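# Descriptive structure summary
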Amino acid sequence: MKWGTLLIHNGHEADPVTGALGVPIVQTSTFDQGDLSVPREFDYARSGNPTRKALEEIIAALEGGERGAAFGSGIAAVASVLGTLSAGDHVVTAEDIYGGSWRILNTFYRRWGLECTAVDASDPDTIRRALRPATKALFLESPSNPLLKITDLKACIAIAREAGIISVVDNTFMTPYLQRPLDLGADVVIHSATKFLGGHSDVVLGLAVSRTAELGRAIYAVQNSFGAIPGPWDVWLVMRGIKTLKVRMDAQQASAGRIARWLREHKKVKAVFYPGLPDHAGREIHEAQAAGPGAVLSFKTDTAEDARRFLSRVEYAAAAVSLGGVETIASYPVKMSHAAMPQAERLRLGITDTLIRISVGLEDAEDLIADFDRALG
Ligand SMILES: *Cc1c(COP(=O)(O)O)cnc(C)c1O
């Protein structure tokens, strides 16, 4: 089965009771246990809900994993997966993982005794050097945010396997349609379904998929204990979003490619970062592990003034955080996603005040290009 079909015929295309072409929203906190001698599948909605179960099964199938789990946000998914670790354990992460993931590791979990080392994962040897006897997990993301740096997932995951630790990949930018980390050997995949899976900037939700039943049980135990679960309405919105993932991603990705190539020729633009450009660092690695470059790109203007002018003048892109929606979004990392990062660290990573990140939406590329041209002046 190919992707367009798989997204629709996902095992939940018709409700077995009513025939409804959609999973019913089961809005309840508790379930009548009836005759107590026969245990029922659902008893309390923190522990399980049929609407949520459908999404968990859908994402597990799409990622090729054993078990899925849904959470109230992407960060709740990250926190809950890390919650399977223990005080005294050590985690190695890429240095440019999502800011919220960095924050929860370096503030909250540090207080609870989890140690963490950040490395430049574009050089897999840095991972090997960071390993300690207490290291239990490797946490990766590719392409990274906001510079779309490519990590050789297969090579990094192989180092983790050799060391007997689990590897976790945040696959938010790619979605399973473009990249399947479990196929590359990863143990857990995480999503902020707030982004491309939901796809319409109208819901906050997180997902985790595990390779093995054992890891699935460990994540479920945290899901049930922490209770960072999503409600059935939000789950339903994400299931609806997933049905159109392929057409949205195909169209948004095609526009992103056109815009990236156009930006590269613009005299006010100094650099463009997009895995679909022929000279993007790590492009060959990306092409070996993913089916497309995605719909997020970033670029640097000549001066900070140019960047700020672009953001205030641009009409068809919201100046906002987040990505992956049908609406084009322009973000300014130094004032948004990376505002909390010390300036020296930001500059070391190349996140300057001339950098703009674009999540390309479903508007026509011609209109976006004309608008960006006006905004660049
Ligand atoms: C947005 C995002 C998250 C966090 O997800 P929320 O749904 O906002 O909690 C995690 N990782 C990546 C790559 C993201 O873009």
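Residues numbered from 1 in each chain as written. Predicted model: local features only at pLDDT ≥ 70, side-chain atom pairs only at ≥ 80, totals over all residues. Heavy atoms only, no water.

## A look at the site of the ligand
Heads up, the rule is: In this text, near means that some heavy atom of the residue lies within 4 Å of the molecule or strand in question. For the purposes of these results, a polar contact is taken to be a pair of N or O atoms within 3.5 Å, where, inside protein, one atom must be able to donate a hydrogen and its partner to accept one; residues adjacent in sequence count only when each atom of the pair is a side-chain atom. In short, Shrake-Rupley with a 1.4 Å probe defines the accessible areas, and a residue's cover is counted only from the protein chains shown.
Around the ligand, the neighbouring residues are S73, G74, I75, Y98, E141, D170, T172, F173, S192, T194, K195 and V204. Between the ligand and S192 there is a distance of 2.8 Å, counted from an oxygen atom to a side-chain nitrogen or oxygen. Separating an oxygen atom of the ligand from a side-chain N or O atom of T194 is a distance of 2.6 Å. Compared with its free state, where it exposes 380 Å², the ligand has 91% of that area covered by protein.

## Examining the environment of G72
The criterion, for reference: Runs of E in the DSSP output that reach at least two residues are strands. Runs of H or I that reach at least four are helices, and both are numbered from the N terminus. Should any heavy atoms of two residues lie within 4.5 Å, those residues are counted as being in contact.
The residue G72 is located in the loop between strand 1 (67–71) and helix 3 (74–82) in this model. Residues G72 and R111, 39 residues apart in the sequence, show an inter-C-alpha distance of 23 Å. If we skip the residues at most four places from it in the chain, G72 touches V204, L205, G206, A228, I229 and P230.

## Re the pattern of salt bridges
Defined as follows: One side-chain nitrogen of Lys or Arg within 4 Å of one carboxyl oxygen of Asp or Glu is enough to make a salt bridge.
With the rule as written, the count across this model stands at 20 salt bridges. Measuring nitrogen to oxygen at the nearest pair gives 3.8 Å for the salt bridge that ties E95 to K149. Of the two residues, E95 sits in the loop between strand 2 (90–94) and helix 4 (99–111) while K149 sits in the loop between strand 4 (135–141) and helix 6 (153–163), which places them 54 residues apart along the sequence. As a salt-bridge pair, R374 and D371 come within 3.4 Å of each other at their nearest N and O atoms. Within this pair, R374 and its partner D371 are both found in helix 14 (residues 365–376), separated by three residues, close to a single helical turn. Via salt bridges that share partners, E95, D96, D120, K149, E345 and R348 belong to a single interconnected network.

## Brief notes about the packing of helix 10 (residues 245–265) against helix 14
How we decide: For helices, the axis comes from a line fit to the C-alpha atoms of the stretch in contact; other axes are also lines fit to C-alpha atoms, and the angle between any two N-to-C directions lies between 0 and 180 degrees. Should an angle fall under 35 degrees it is called roughly parallel, over 145 degrees roughly antiparallel, and 65 to 115 degrees roughly perpendicular, with every other angle called oblique. Crossing chirality is assigned from the near helix's rotation relative to the far helix, an anticlockwise turn below a right angle marking it left-handed and a clockwise turn marking it right-handed.
The contact between helix 10 and helix 14 brings their axes to 10 Å, and the two run at 30°. With respect to helix 14, the axis of helix 10 lies roughly parallel. Remark: the crossing between helix 10 and helix 14 carries right-handed chirality. Each of S255, R258, I259, W262 and L263 in helix 10 lies in contact with helix 14, whose residues at this interface are A365, E366, L368, I369, F372, D373 and L376.

## Overview of the packing of helix 2 (residues 50–63) against helix 9 (residues 232–243)
As a reminder of what qualifies: Only Asp, Glu, Lys and Arg are considered charged in this grouping, and only Ala, Val, Leu, Ile, Met, Phe, Trp, Tyr, Cys and Pro are considered nonpolar; every other residue, Gly among them, is considered polar.
Packing of helix 2 against helix 9 brings their axes to within 9 Å, and their N-to-C directions diverge by 35°. With respect to the hand of their crossing, helix 2 and helix 9 are arranged in left-handed fashion. Here T51, R52, A54, L55, I58 and L62 of helix 2 come into contact with helix 9, specifically with P232, V235, V238, M239 and I242. Here the residues of the contact of helix 2 with helix 9 sort into nine nonpolar, one polar and one charged.

## A few points about the sheet that holds strand 12 (residues 355–359)
Our working definition: Paired strands are those between which DSSP finds at least two bridges.
Spatially, the five strands line up as an open sheet ordered 8-9-12-11-10, and their pairing is mixed. The open sheet has two free edges, formed respectively by strand 8 (269–273) and strand 10 (318–319), since each of these has just one partner strand. Bridging between strand 8 and strand 9 (residues 296–301) involves four bridges; their strand directions are antiparallel. Bridge pairing in strand 9 places A271 opposite K300. Set on the sheet, helix 12 (residues 304–313) makes contact with strand 9, strand 10, strand 11 (329–331) and strand 12; between it and strand 12 the angle comes to about 30°.

## Observations regarding the packing of aromatic side chains
Our working rule: Here a pair means two rings of Phe, Tyr or Trp (six-membered ring of Trp) with centres within 6.5 Å. Their orientation is stacked below 30 degrees between planes, edge-to-face above 60, and tilted elsewhere. Partly exposed residues are those whose accessible area sits between 20% and 50% of the maximum for their type, while under 20% is buried and over 50% is exposed, using a 1.4 Å probe and protein chains only.
Counting across every chain of the model gives six aromatic pairs. Between the aromatic rings of F299 and F310, the centroid separation amounts to 5.5 Å while the plane-to-plane angle is 90°, which identifies the pairing as edge-to-face. With F299 in strand 9 and F310 in helix 12, this pair connects stretches of sequence that are eleven residues apart. The same class applies to F299 as to F310, namely buried. With 5.3 Å between their ring centres and 75° between their planes, F310 and F372 make a pair best called edge-to-face. You can see F310 sitting in helix 12 and its partner F372 sitting in helix 14, a full 62 residues away along the chain. The rings of F108, Y109 and W112 are connected pair by pair, giving a single aromatic cluster.

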